[in-house]
Amino acid sequence: MRVLGVETSCDETGVALYEAGAGIRAERLASQIDLHAAYGGVVPELASRDHIAKLLPMIETVLAEAKLTLRDLDAIAYTAGPGLIGALLVGGSLSSSLAYALKIPAIPVHHLEGHLLACMLEESAPEFPFLALLVSGGHSQLIDVAGVGRYRIIGETLDDAAGEAFDKVARLLGLPYPGGPQLAALAEGGDPRRFALPRPLKNQGLDMSFSGLKTAVHLTIDSCRGAHGELADAVRADVAASFQAAVVDTLTAKCRRALETTGLTRLVIAGGVGANRALRASLSELGRLVGARVYYPRPALCTDNGAMIAYAGWCRRAAVTGAPRIVAKPRWPLDELTPPE
Ligand code: KG4
Ligand code: ZN
């Protein structure tokens, strides 16, 4: 069975072809970074227009690379939410129209379920059940995953998502949007012990909070500025490293507590912040310490991509019947999902 995956929930157009038994046959990703950089963040209307311009040519490229045509597809999976409504509608309407014309199912996929299941595309895929740390631009959650569609959120952020904190602090340091990866690069050359930043809620429960940390960074930066508001390069790197250490430290403590309270022995990292090298190293160390096995998708499968949507769609193929429908839900809590059977 061959499923085309279409991701258009935010600022990246992702298309991939997943084939059961063969894995990812071809994939393409188009980033809109250049488009939004001048505005310091995603401009929804520009995002939608860019998805419209890129999507069909990308589908053609992916099919050509896999040496297939539209007629060879068995289903089209698309991100139905959560995300920007205009962007979702582009992927949903194009996917559903194509599926209608081809007389194949269109499968609406929950974006976060895509992230959660991305690890299954790797050679060493985890078995269920596992604990997932889902850290993206819009979400930070600890999820007890018993199977596809069997998700229990056991901890989440009370304010900013981890990725959002990375992006906001990057902005404070004058780094261009999207700041997360650039802040991580800057942190590589900095001293993580230079500034003692808070680790909010670190020793308490499974919920997270990052907005106080962001404020502490803001105050730290202001106290280090020179007479003309300038910030020395070494200070910027040290702030970046100290901030990253605070986030990594907190997330690691939360994962440790979640593993202990659930008794789960597998930990899966999902979402864009999962690409962060310091976080991956710290969670590997945690795994060694507590005897848990840690699974990471490769960085390109942590950030938004079409392959995870194709795969999640494939998992839900049996639950989809009837004519293709355009589903677009900007808000869609993950624990509303039910198993596909
Ligand atoms: O999962 P994702 O690609 O999109 C959402 O669904 O939100 O996550 C994007 C987030 C952004 O906040 C980005 O800055 C962050 O992930 N991110 C990183 C890294 N790569 C991406 N944060 C820290 N270190 C990274 N290497
Ligand atoms: Zn995402």
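Residues numbered from 1 in each chain as written. Chains lettered and ligands numbered in written order. Predicted model: local features only at pLDDT ≥ 70, side-chain atom pairs only at ≥ 80, totals over all residues. Heavy atoms only, no water.

Draft legend 1. Quick peek at the coordination of the zinc ion (ligand 2). Looking at the zinc ion (ligand 2), one finds its protein donor set to be His111 (NE2), His115 (NE2) and Asp304 (OD), positioned 2.0 to 2.1 Å from the metal centre. What the four donor atoms of the zinc ion (ligand 2) show is an angle range of 95 to 135 degrees at the metal, which sorts the shape as tetrahedral. One chain supplies every donor to the zinc ion (ligand 2), and in sequence these donors are spaced H-x3-H-x188-D. Of this pair, His111 sits in helix α4 (residues 111–117) while Asp304 sits in the loop between α10 (299–302) and α11 (306–315), and the two are 193 residues apart along the sequence. Relative accessible area serves as the criterion here: at 13%, Asp304 is assigned to the buried category. (Donors = N, O, S within 2.8 Å, 3.2 Å for Na, K, Ca; no water. Tetrahedral: all angles 85-135°; square planar, octahedral: opposite > 155°, others 65-115°. Helix = DSSP H or I, 4+ residues; strand = E, 2+ residues; numbered from the N terminus. Buried < 20%, exposed > 50% of the residue type's maximum accessible area, 1.4 Å probe, protein only.)

Draft legend 2. Representation of the pairing of strand β1 (residues 2–7) in the model. The element β1 is extensively covered by neighbouring structure, given that five of its six residues are classed as buried. The pairing of β1 with strand β2 (residues 12–19) spans six bridges and is antiparallel. Bridged to Glu7 within β2 is Gly14. Taking the residues that link successive antiparallel strands as the turn, the β1-β2 hairpin has four residues. Alignment of β1 against strand β4 (residues 75–81), held across four bridges, turns out to be parallel. Opposite Gly5, over in β4, you have Ala77 as the bridge partner. (Pairing = 2+ DSSP bridges.)

Draft legend 3. Structural detail: the nonpolar core. Ranked by internal contacts, the top residues of the largest apolar core, which has 60 residues, are Leu4, Leu17, Ile59, Ile76, Ile143, Tyr151 and Tyr311. Of the residues forming this core, the biggest block, eight residues, is contributed by α11. Dropping the residues within four chain positions of it, Tyr311 is found in contact with Tyr18, Leu117, Met120 and Leu121. (Core = buried A, V, L, I, M, F, W, Y, C linked by side-chain atoms within 4.5 Å. Contact = heavy atoms within 4.5 Å.)

Draft legend 4. A look at helix α3 (residues 85–102). Across its 18 residues, α3 extends 25 Å between first and last C-alpha, which sits within 8% of the 26 Å expected from 1.5 Å per residue. Taken residue by residue, α3 has Ala87, Leu88, Val90, Gly91, Gly92, Ser95, Ser96, Leu98, Ala99 and Leu102 as its buried positions. Buried residues along α3 sit in contact with β1, α2 (44–65), β4 and β5 (106–110). Remark: Lys103 follows α3 within two positions and exhibits a positive phi of approximately 60 degrees. (Expected span 1.5 Å × (residues − 1).)

Draft legend 5. Molecular detail of the packing of α2 against α3. At their nearest, the axes of α2 and α3 sit 9 Å apart, and the two run at 30 degrees to each other. As far as their axial angle goes, α3 and α2 are roughly parallel. Where α2 crosses over α3, the two elements pack in a sense that is right-handed. Each of Ser48, His51, Ile52, Leu55, Leu56 and Ile59 in α2 lies in contact with α3, whose residues at this interface are Gly86, Ala87, Val90, Gly91, Leu94 and Leu98. Broken down by class, the residue content of the contact of α2 with α3 amounts to eight nonpolar, four polar and no charged. (Axes fitted to C-alpha atoms, helices over the stretch in contact; angles between N-to-C directions. Parallel < 35°, antiparallel > 145°, perpendicular 65-115°, else oblique. Left-handed = near helix turned anticlockwise from the far one by under 90°. Nonpolar A, V, L, I, M, F, W, Y, C, P; charged D, E, K, R; others polar.)

Draft legend 6. Broad picture of the site of ligand 1. Near ligand 1 lie 19 residues; those nearest to it are Gly137, Asp167, Gly272, Asn276 and Asp304. In this structure, an oxygen atom belonging to ligand 1 sits 2.5 Å away from a side-chain N or O atom of Asp167. For ligand 1, a nitrogen atom lies 2.9 Å from a polar atom in the side chain of Asn276. For ligand 1, the protein covers 85% of the area, taking 550 Å² as the surface of the free molecule. Elements supplying a minimum of two residues to the shell around ligand 1: α4, α5 (162–172) and α6 (179–187). Here the shell around ligand 1 is composed, by residue class, of six nonpolar, 11 polar and two charged. Three or more residues apiece are contributed to the shell around ligand 1 by two domains, here domain 1 (2–117 + 301–336) and domain 2 (128–296). (Near = heavy atom within 4 Å. Polar contact = N/O pair within 3.5 Å; in protein donor to acceptor, adjacent residues only side chain to side chain. Areas by Shrake-Rupley, 256 points an atom, 1.4 Å probe, with all protein chains shown as cover. Domains from an automatic or database assignment.)

Draft legend 7. Structural detail: the packing of α6 against helix α8 (residues 233–262). Axis separation between α6 and α8 bottoms out at 7 Å; the angle between their running directions is 110 degrees. As judged from the angle between their axes, α6 and α8 are roughly perpendicular. Within the contact between the two elements, α6 uses Leu183, Ala184, Leu186 and Ala187 and α8 uses Arg236, Ala237, Ala240, Ala241, Phe243 and Gln244.

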